[in-house]
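Residue-level structural notes
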Amino acid sequence: MLTDHRYQEILSRLNGTGRVGVAEVAAHLHVSEETIRRDLKVLEERGILRRIHGGAVPLRLDEERPLQERGKTNAREKARVAALAEGLVRDGMSVFLDTGTTTLALARRLTSRSLTVTTNSIDIALLLGSGPARINLTPGTLRARDNALVGYETVAYARRFFFDIAFMGIGACDLVHGWMDYEEHESALRKVLRGQAREAVLLADSRKFGRQANLCTFGLEERLRVVTDRPPPQPFQDRFAQHDIAIVSA
């Protein structure tokens, strides 16, 4: 209850002024600054705010954190998602691996597999390039913050091929707006991949549920396999069950 009270105070100040300071909240609540820093870390991991020096600001719906920063968040959950997703892969498959921290975690588990892998992630291509897999790297414009190739050429290239399975990341999942992304490049590519694969798989750690981004990519009724580290919240499970959406979870 005390923790909830602190969260409410933090969010109230955030909504009121657009910024919250560690020192001022700690003084107001008569707790240590370290306690408030831990609270801000938890709220950031939930996708509610973004920490800055001395405090936090709201998380913009059109802004996703850089890949290196995201890779440090929910690492354990993403590793569990990757382990579950690996069970869907068979040697000899043609696989598309989308860019993202969870797909990169999956790629780390596929370094010894005999596959044909197509990806728009330079990091994934380099990781798998020294193993037995045949690697196809899409064309596109380099997005330096995460070493991804994006744009019209990327989407057009993906549309030319058909894959046994396509593994895609996703920005968020909202009960009303569905599966959401932060950038048009990623949303457009994922829409194409869904139609270009025998099986389209979303890799979503459990903290993606109940969050929002700014672009609607898929409706919750669209046929997809969803791999997550634990079962989604019950309202999402109920919606998925109505449309026979396959959930793979620990």
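Residues numbered from 1 in each chain as written. Predicted model: local features only at pLDDT ≥ 70, side-chain atom pairs only at ≥ 80, totals over all residues. Heavy atoms only, no water.

**A few points about the packing of aromatic side chains**
- Tallying each qualifying case throughout the model produces 5 aromatic pairs.
- Arranged with centres 5.4 Å apart and planes meeting at 70°, the rings of Phe96 and Phe163 form a pair that is edge-to-face. Separated by 67 residues along the polypeptide, Phe96 in strand β4 (residues 94–97) and Phe163 in strand β9 (residues 163–168) bring together distant segments of the chain. The pair Phe96 / Phe163 is uniform in exposure class, with both members buried.
- An angle of 50° between the planes, with centres 4.9 Å apart, marks the rings of Tyr157 and Phe161 as tilted. (Phe/Tyr/Trp six-rings, centres within 6.5 Å; stacked < 30°, edge-to-face > 60°. Helix = DSSP H or I, 4+ residues; strand = E, 2+ residues; numbered from the N terminus. Buried < 20%, exposed > 50% of the residue type's maximum accessible area, 1.4 Å probe, protein only.)

**Examining the side chain of Asp174**
- The topology assignment puts Asp174 in strand β10 (residues 172–174).
- An unpaired buried charge is present at Asp174: no salt bridge exists, and Arg239, the closest side chain of opposite charge, is 8.1 Å distant.
- Among the polar contacts made by the side chain of Asp174, one reaches the main-chain amide nitrogen of His177 at a distance of 2.8 Å. (Lys, Arg positive; Asp, Glu negative; His and termini not counted. Salt bridge = Lys/Arg side-chain N within 4 Å of Asp/Glu carboxyl O. Polar contact = N/O pair within 3.5 Å; in protein donor to acceptor, adjacent residues only side chain to side chain.)

**Quick word on the pairing of β9**
- With 5 of 6 residues buried, β9 is to be regarded as a mostly interior element.
- Note: β4 against β9, 3 bridges, orientation parallel. Each bridged residue has a counterpart across the sheet, and for Leu97 the counterpart in β9 is Phe167.
- Where β9 and strand β12 (residues 197–203) come together, 5 bridges link them in parallel fashion. Of the residues in β12, the one forming a bridge with Met168 is Leu202. (Pairing = 2+ DSSP bridges.)

**Some details on the sheet that holds strand β11 (residues 178–181)**
- Spatially, the 3 strands line up as an open sheet ordered β10-β11-β13, and their pairing is antiparallel. Either end of the sheet is taken by a strand with one partner, and the two such strands are β10 and β13 (215–218). Going from strand to strand, the sheet's axes swing by 45° on average, the running direction of each strand aside.
- Pairing of β10 with β11 involves 3 bridges; the strand directions are antiparallel. Along β11, the bridge assignment pairs Ala172 with Met180.
- Across the sheet, helix α9 (residues 184–195) lies against β11 and β13, angled at about 15° from β13, the strand it touches most. (Axes fitted to C-alpha atoms, helices over the stretch in contact; angles between N-to-C directions. Contact = heavy atoms within 4.5 Å.)

**Section: the pattern of salt bridges**
- Scanning the entire structure with this criterion turns up 21 salt bridges.
- Among the salt bridges present, the one from Arg13 reaches Glu24, with a minimum N-O distance of 3.3 Å. Placement of the pair is Arg13 in helix α1 (residues 2–17) and Glu24 in helix α2 (residues 22–29), with a sequence separation of 11 residues.
- Note on Arg13: relative accessible area 22%, which makes it partly exposed.
- Judged by relative accessible area, Glu24 falls into the partly exposed class, the value being 41%.

**Focus on the sheet that holds strand β6 (residues 134–137)**
- The strand order β6-β5-β4-β9-β12-β14-β15 describes an open sheet built from 7 strands, whose pairing is parallel. The open sheet terminates on both sides in strands that have one partner only, identified here as β6 and β15 (246–249). Ignoring which end each strand starts from, the neighbouring axes of this sheet average 20° apart.
- The pairing of strand β14 (residues 225–228) with β15 spans 4 bridges and is classified as parallel. What sits directly across from Arg225, in β15, is Ala246.
- Relative to β14, helix α5 (residues 75–86) is tilted by about 135°, and along the sheet it contacts β9, β12, β14 and β15.
- The sheet strands contacting helix α7 (residues 122–129) are β4, β5 (116–119) and β6, and the helix crosses β6 at an angle near 160°.

Purely geometric numbers; function is a separate question.
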